[in-house]
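Structural overview for review
Each chain, written out:
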Amino acid sequence: MSVIKERLQNLRQAIHRLGANAFYCTLSDAHLSEYIQEADKFLTYLSGFTGSNAQLIVTDNQALLWTDSRYWEQACQELEGSDIILMKEGAEAVAAPHEWLKSQSGLACVVLCTALESVSQITFKKLKESVSAVVDFRPSDIDNLWPDRPHRTINGLYIHHASSVSAHDKLKRLQSYLQSLDDFADTDSLLLTRLDDIAWLANLRGSDIEFNPVFLSWALVTKQEACLFIHLQALTEEIALHLQNAGWRVLPYESLETKLTEKNGLIWAREEDLNAKIFTLIQNRFKPCKHPVALWKAVKTPEEIAGLKEVMKADGQALEDFIEE
């Protein structure tokens, strides 16, 4: 655990150089996913904790890690000898991170959020209310502390032919829904940030995140236009034609912020789906909403139900074969 202690000490020095004395980060990515790429696991690098849910606070003389009951035993083992205190999230009398920060009168009340992309707007709001100032910990600051940081994974895409509803019809349904809203203006846009929502809507799958059939993407939909922001190196002629036929305009993944800045109307989104950086960018034009994509995704067609039954039969047979061996 001497390696973890050294990493935390290097972090503290970086915090001081930025004029702060407390640091916060969470185990997430720009899309607020639970399962993320190795390149986004700065918290894991700092603490040695390998679970999928955690928040970390580091001050001059303390380091604390919050995780839920799924990981309490694992965290006890992985944090042993690191001097990181396990905070059992959800347990009685265990304060939430923003509450703990607010209670620390000895701090200068400055907290750093690693690359605001990985912090939800709701969490960020609570943190801001608990401290006197927030200093952004930039991606370059992370790179300086994490010299062997893994490269971001960008894999190819494939069309999900098992869906009984075409990508064209799904997009048209969403645009019809927007047209039915009395206060959704022609210049307004709906922003989708959750990777599973976008994969379902476009009838595409990928493997940018291990063991998850999703791909890094954003979607911006108006009554008349739909833009899909993806890494262009993942495109093939087949995928490009599929998206064109479905009604999508493809733009580079990293151009979302520019597109949002260019937009004149309101940006509709679920607040819980927005990271703090995007919210900060659009806050003067943000319109909270509960879009129906997640609900539509949950309601299966008869064909999809039949397919699920066949999959469960195959899964059960595989499990039976394994046990018998």
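Keep in mind that this is a model prediction, so the values were computed, not measured.

Strand pairing within a sheet occurs via backbone hydrogen bonds; the two strands may be parallel or antiparallel. An order of E4-E3-E2-E1-E5-E6 is seen for the 6 strands of this open sheet, with the pairing classed as mixed. Single-partner strands in this sheet number two, and they are strand E4 (85-88) and strand E6 (133-137). The average angle at which neighbouring strand axes cross in this sheet is 25 degrees, direction not considered. Across 5 bridges, strand E5 (residues 110-114) lies against E6 in parallel orientation. Residue pairing across strands places Val111 opposite Val134, the latter belonging to E6. On top of the sheet, helix H1 (residues 2-17) reaches strand E1 (22-26), strand E2 (55-59), strand E3 (63-67), E5 and E6; it is set at about 70 degrees to E2, its chief contact.

A separate point is the nonpolar core. Within the largest apolar cluster, 31 residues are counted, with the highest numbers of intra-cluster contacts made by Phe23, Phe42 and Phe137. Elements that contribute at least two residues to this core include exactly H1, E1, helix H2 (42-47), E2, E3, helix H3 (72-79), E5 and helix H6 (139-145). In terms of residue count, H1 provides more of this core than any other element does, 5 residues in total. Leave out the neighbours within four places in its chain, and Phe42 touches Phe23, Thr114, Phe137, Ile142, Leu145 and Trp146. Ile159, Leu171, Val221 and Val293 belong to the second largest nonpolar core, which has 30 residues in total.

On to the pattern of salt bridges. Two side chains bearing opposite charge may form a pair once their charged atoms approach each other closely. Within this structure, the stated rule accounts for 21 salt bridges. Among the salt bridges present, the one from Asp197 reaches Arg270, with a minimum N-O distance of 3.0 Å. Separated by 73 residues along the polypeptide, Asp197 in helix H8 (residues 195-202) and Arg270 in the loop between strand E13 (267-269) and helix H11 (276-282) bring together distant segments of the chain. Residue classification places Asp197 among the buried positions, given a relative accessible area of 2%. Via salt bridges that share partners, Arg194, Asp196, Asp197, Arg270, Asp273 and Lys297 belong to a single interconnected network.

To continue, consider the pairing of E1. Within E1, 5 of the 5 residues are buried, which leaves it mostly tucked inside the rest of the structure. Judged by which residues are buried, E1 turns out to be covered on both faces: Ala22, Tyr24 and Thr26 on one side and Phe23 and Cys25 on the other are all buried. Alignment of E1 against E2, held across 5 bridges, turns out to be antiparallel. For Phe23, the partnering residue across the bridge sits in E2 and is Val58. Two elements, E1 and E5, share 2 bridges in a ladder whose sense is parallel. Each residue of the ladder has a partner; that of Phe23, found in E5, is Leu112.

Criteria and cut-off values
- Residues numbered from 1 in each chain as written.
- Predicted model: local features only at pLDDT ≥ 70, side-chain atom pairs only at ≥ 80, totals over all residues.
- Heavy atoms only, no water.
- Pairing = 2+ DSSP bridges.
- Helix = DSSP H or I, 4+ residues; strand = E, 2+ residues; numbered from the N terminus.
- Axes fitted to C-alpha atoms, helices over the stretch in contact; angles between N-to-C directions.
- Contact = heavy atoms within 4.5 Å.
- Core = buried A, V, L, I, M, F, W, Y, C linked by side-chain atoms within 4.5 Å.
- Buried < 20%, exposed > 50% of the residue type's maximum accessible area, 1.4 Å probe, protein only.
- Salt bridge = Lys/Arg side-chain N within 4 Å of Asp/Glu carboxyl O.

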